[in-house]
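Single-letter residue listing:
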Amino acid sequence: MTIRVDLENGVRLGPGKAQLLELIAEHGSIRAGGAAIGMSYRRAWLLADEINRMFLEPSISTRHGGKSGGGSGLTEFGQQLLGRYRDMEAKSRAAVQPDLDWLDSVTDPQFRAAGSDKAD
């Protein structure tokens, strides 16, 4: 189960942005974070820029290259944002777990969606 939060001003926060935030924090780089999910550097950079502009505070900090090298990480706000999103996911999953269990029990394990190698 995944959730996506759509706010009134058009801000959208979902699993893709959350995963990119996690991977930037893990790898210390927008490039490496994006690459870890098969995203081009340009796409990762544009998404990171969007995330930084969506809220009153930036979520991602960047350090320019040089002697000590460049890199990126999450700001305190970014860490809080990611933590709250993951908390919303966990609470949502817990609230609907009986329904998810029921769906699992009535789903044909042999079915594969057209154009997919996994059952979404």
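Everything below is about the structure printed above this text.
A few points on the structure. (Residues numbered from 1 in each chain as written. Predicted model: local features only at pLDDT ≥ 70, side-chain atom pairs only at ≥ 80, totals over all residues. Heavy atoms only, no water.)

### With respect to the pattern of salt bridges
Opposite charge on two side chains permits pairing when their charged atoms draw close. Applying the stated criterion to the full structure yields seven salt bridges. Between glutamate 22 and arginine 86 there is a salt bridge, with the nearest N and O atoms lying 2.9 Å from each other. Highlighted residues: glutamate 22 in helix H1 (residues 15-27) and arginine 86 in helix H4 (residues 76-106), separated in sequence by 64 residues. Judged by its relative accessible area of 33%, glutamate 22 falls in the partly exposed class. Among the residues examined, arginine 86 registers a relative accessible area of 25% and is labelled partly exposed. The partner of arginine 53 in a salt bridge is aspartate 49, with the nearest N and O atoms 3.0 Å apart. In this pair, arginine 53 and aspartate 49 are both assigned in helix H3 (residues 41-54), four residues apart and thus about one turn of the helix distant. With relative accessibility at 59%, the residue arginine 53 sits in the exposed group. When salt bridges with common partners are traced through the structure, they connect Arg4, Asp6 and Arg12 into a single cluster. (Salt bridge = Lys/Arg side-chain N within 4 Å of Asp/Glu carboxyl O. Helix = DSSP H or I, 4+ residues; strand = E, 2+ residues; numbered from the N terminus. Buried < 20%, exposed > 50% of the residue type's maximum accessible area, 1.4 Å probe, protein only.)

### Quick look at the nonpolar core
Core analysis: the biggest nonpolar cluster contains 18 residues, and Leu20, Leu21, Ile24, Ile30 and Ile60 have the highest contact counts within it. Where this core is concerned, the elements lending two or more residues are H1, H3 and H4. When residues no more than four places from it in sequence are discounted, the contact partners of leucine 20 are Gly33, Gly34, Ala44, Leu47, Ala48 and Ile51. (Core = buried A, V, L, I, M, F, W, Y, C linked by side-chain atoms within 4.5 Å. Contact = heavy atoms within 4.5 Å.)

### Side note on the environment of tryptophan 102
Here tryptophan 102 is to be found in helix H4. For tryptophan 102, a relative accessible area of 54% puts it in the exposed group. Put simply, tryptophan 102 and alanine 48 are 54 residues apart on the chain and 37 Å apart in space, counted from C-alpha to C-alpha.

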